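One letter stands for each residue in the lines below.
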Amino acid sequence: MFVCLAVVTVFMSALLLVSAGAKSLRTRHITEQMATLGVPQNMMALLIGAQIAGAAGAIAGLWWGPVGIAAAIGLTLYFAGAVAFHLRVGDRKGAFPALVLTMASVALIVLRAATL
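Residues numbered from 1 in each chain as written. Predicted model: local features only at pLDDT ≥ 70, side-chain atom pairs only at ≥ 80, totals over all residues. Heavy atoms only, no water.

Student: What's the story with the overall build of the chain in this structure? I'm lost.
Tutor: Broken down by element type, the chain carries five helices and zero strands. In the chain, the succession of α and β elements from N to C terminus is α-α-α-α-α. Since a compact globule built from 116 residues should have a radius of gyration of about 13 Å, the 14 Å found for the chain is in line with a globular shape. Taken over the C-alpha atoms alone, the chain extends approximately 40 × 25 × 20 Å along its principal axes. Residue burial in the chain is summarised as follows: out of 116 residues, 37% are buried. Within the chain, contacts between residues separated by at least 24 positions form 71% of all contacts whose residues are at least 6 apart in sequence. Accessible area for the chain stands at about 6,500 Å²; split by element, carbon and sulfur atoms hold 76% of it. (Helix = DSSP H or I, 4+ residues; strand = E, 2+ residues; numbered from the N terminus. Rg over C-alpha atoms; globule rule 2.2 N^0.38 Å. Buried < 20%, exposed > 50% of the residue type's maximum accessible area, 1.4 Å probe, protein only. Contact = heavy atoms within 4.5 Å. Areas by Shrake-Rupley, 256 points an atom, 1.4 Å probe, with all protein chains shown as cover.)

Rendered as structure tokens:
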């Protein structure tokens, strides 16, 4: 079961770091999407920091379980918020990936708890 946890953790962490990198570059696609969702530009640093902290916490959680669970709870809340923001503006297409990542974050909680 720990191998499954490690695979999901590495996948999620890599995805989070790529997303944080894209947000930090403020590409046109990201900027337009955030504007559509109603996310103020001054919140971008907070979102980037949350993604980096989530990735770091998930990786650290491979060695110290409570940190991994805390990080996975934070990621679940982060992505559930993303789902809510997408649905609020009627963006069902954009809500689906956020929903999948919410479920993956819940899986991290369950896997880490099961391997304590």
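Student: Teacher, can you tell me more about the packing of aromatic side chains here?
Tutor: The description of an aromatic ring pair rests on the distance of the ring centres and on the angle between the ring planes. Enumeration according to the criterion identifies one aromatic pair in this entry. Between Tyr78 and Phe79 the ring centres are 5.1 Å apart and the planes differ by 90°, which places this aromatic pair in the edge-to-face class. Accessibility assignment for this pair places Tyr78 and Phe79 in one class, buried. In this structure, Arg88 is placed above the aromatic ring of Phe85, and the distance from its NZ or CZ to the ring centre is 4.8 Å. (Phe/Tyr/Trp six-rings, centres within 6.5 Å; stacked < 30°, edge-to-face > 60°. Lys NZ or Arg CZ within 6 Å of the ring centre and 35° of its normal.)

Student: Just checking my understanding: could you explain the packing of helix α3 (residues 44-60) against helix α4 (residues 65-88) for this structure?
Tutor: Any two packed helices are characterised by the angle at which their axes cross and by the distance between the axes. At their nearest, the axes of α3 and α4 sit 7 Å apart, and the two run at 145° to each other. You can see that α3 and α4 cross each other, and the crossing is left-handed. The segment α3 lies against α4, with Leu47, Ala50, Gln51, Gly54, Gly57, Ala58 and Ala60 engaging Val67, Gly68, Ala71, Leu75 and Tyr78. Along the lines of polarity and charge, the residues of the contact of α3 with α4 split into eight nonpolar, four polar and no charged. (Axes fitted to C-alpha atoms, helices over the stretch in contact; angles between N-to-C directions. Left-handed = near helix turned anticlockwise from the far one by under 90°. Nonpolar A, V, L, I, M, F, W, Y, C, P; charged D, E, K, R; others polar.)

Student: For this particular structure, what's the right way to read the nonpolar core?
Tutor: One broad trend across soluble globular proteins is that nonpolar side chains are buried collectively. Within the largest apolar cluster, 19 residues are counted, with the highest numbers of intra-cluster contacts made by Met12, Met34, Leu47, Leu75, Phe79 and Leu108. At the level of secondary structure, the elements contributing two or more residues to this core comprise α1 (2-25), α2 (28-37), α3, α4 and α5 (92-114). Beyond its immediate stretch of four places on either side in the chain, Leu108 contacts Leu5, Val8, Thr9, Met12, Ala72 and Leu75. (Core = buried A, V, L, I, M, F, W, Y, C linked by side-chain atoms within 4.5 Å.)

Student: Help me out: how do you make sense of α2 in this one?
Tutor: Along an α-helix, residues three or four apart share an orientation, since each turn contains 3.6 residues. All buried positions along α2 are accounted for by Ile30, Met34 and Leu37. The buried residues of α2 occupy an angular sector of 65° when projected down its axis, which confines them to one face. Turned more than 90 degrees from where α2 packs its buried face, Arg28, His29, Ala35 and Thr36 sit exposed. A positive phi of about 85° marks Gly38, the residue just after α2. (Arc of directions from axis to C-beta.)

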